[in-house]
Amino acid sequence: MTKILMVCLGNICRSPLAEGILKSKLPKDKFIVDSAGTANYHVGSAPDRRAIKVAKENGLDISSLRGRQFSTTDFDTFDQIYVMDESNYNNVMNLARDDNDRDKVKFILNETYPNQNYDVPDPYYGGPEGFENVYKMLDEACTVIASSLK
Ligand code: 4NP
């Protein structure tokens, strides 16, 4: 099993979308995809209704996902950890114990824009178009991830 973790701040907008999108592109018997937030504000919560809606419009149901907080033990569980933005990157890297942990952490948009360290913009305080934009960015990145893994 290859295990991949998607990480954002709240685990209710960007990373549950990334989880749902990547899961839909990989065979279930060979890959585990999960998501987590660096913050604890939304532990146990369903994804934001706007994230659920944009996923549904694209044929994915993410409504049963629940928020959880990233923890150091995730470095032991997962092979690759994709972060959405620079703040997630710094928070996760600060919890890394060694180079083996640090090597697992990647900016997800580096899949589509290598070495640019671009952020997936936080859509939480904006309107629905922010979620559509995020969906598109994540879908492109997950297509690259899935084809490199398969
Ligand atoms: P996410 O978006 O990190 O993509 O899940 C956010 C969700 C909630 C908050 C911030 C960002 N918040 O401040 O509650």
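Remember, it's a predicted structure, so these values are computed and weren't measured experimentally.

Q: Which parts of the structure should I look at to understand the sheet that holds strand β2 (residues 31-37)?
A: As a general point, the strands of a sheet are linked pairwise by backbone hydrogen bonds and lie either parallel or antiparallel. What the 4 strands build is an open sheet, ordered β2-β1-β3-β4; its pairing is parallel. The open sheet has two free edges, formed respectively by β2 and β4 (105-107), since each of these has just one partner strand. Strand-to-strand twist of the sheet, defined as the mean angle between neighbouring strand axes without regard to direction, takes the value 25°. Judged from the 4 bridges that link them, strand β1 (residues 2-8) and strand β3 (residues 80-83) form a sheet pairing that is parallel. By the bridge assignment for β3, I4 is matched with Q80. Sitting on the sheet, helix α1 (residues 14-25) touches β1 and β2, and the angle it makes with β1 is about 150°. In the packing of helix α4 (residues 86-95) onto the sheet, the strands contacted are β1, β3 and β4, and the crossing angle to β4 comes to about 175°.

Q: How should the packing of α1 against helix α6 (residues 128-149) be read in this particular structure?
A: Two numbers describe a pair of packed helices, the interaxial angle and the distance between the axes. Between α1 and α6, the shortest axis-to-axis distance is 9 Å and the interhelical angle comes to 40°. The orientation of α1 with respect to α6, classified from their angle, is oblique. Here the hand of the crossing between α1 and α6 comes out right-handed. On α6, the residues that touch R14, L17, A18, I21, L22 and K25 of α1 are V134, Y135, L138, D139, C142, T143, I145 and A146. Residues of the contact of α1 with α6, tallied by class, amount to 10 nonpolar, 1 polar and 3 charged.

Q: Whenever I open this one, the site of the ligand confuses me. Can you help?
A: Near the ligand the following residues occur: C8, L9, G10, N11, I12, C13, R14, Y41, H42, D122, Y124 and Y125. Between the ligand and the protein, one listed contact pairs an oxygen atom with a backbone N or O atom of I12 at 3.0 Å. Its free accessible area being 360 Å², the ligand has 93% of it covered by the protein chains.

Q: Help me out: how do you make sense of the pairing of β1 in this one?
A: Along any regular strand, the residues point their side chains to alternate faces of the sheet. Of all 7 residues that make up β1, 5 are buried, and the element is covered over most of its length. As paired elements, β1 and β2 share 7 bridges and run parallel to each other. Looking at β2, one finds that K3 is bridged to I32. For the handedness criterion, the β-α-β arrangement of β1, α1 and β2 is classed as right-handed.

Here is what the cut-offs are and how they apply
Residues numbered from 1 in each chain as written. Predicted model: local features only at pLDDT ≥ 70, side-chain atom pairs only at ≥ 80, totals over all residues. Heavy atoms only, no water. Pairing = 2+ DSSP bridges. Helix = DSSP H or I, 4+ residues; strand = E, 2+ residues; numbered from the N terminus. Axes fitted to C-alpha atoms, helices over the stretch in contact; angles between N-to-C directions. Contact = heavy atoms within 4.5 Å. Parallel < 35°, antiparallel > 145°, perpendicular 65-115°, else oblique. Left-handed = near helix turned anticlockwise from the far one by under 90°. Nonpolar A, V, L, I, M, F, W, Y, C, P; charged D, E, K, R; others polar. Near = heavy atom within 4 Å. Polar contact = N/O pair within 3.5 Å; in protein donor to acceptor, adjacent residues only side chain to side chain. Areas by Shrake-Rupley, 256 points an atom, 1.4 Å probe, with all protein chains shown as cover. Buried < 20%, exposed > 50% of the residue type's maximum accessible area, 1.4 Å probe, protein only. Right-handed = clockwise from strand over helix to strand, strands pointing away.

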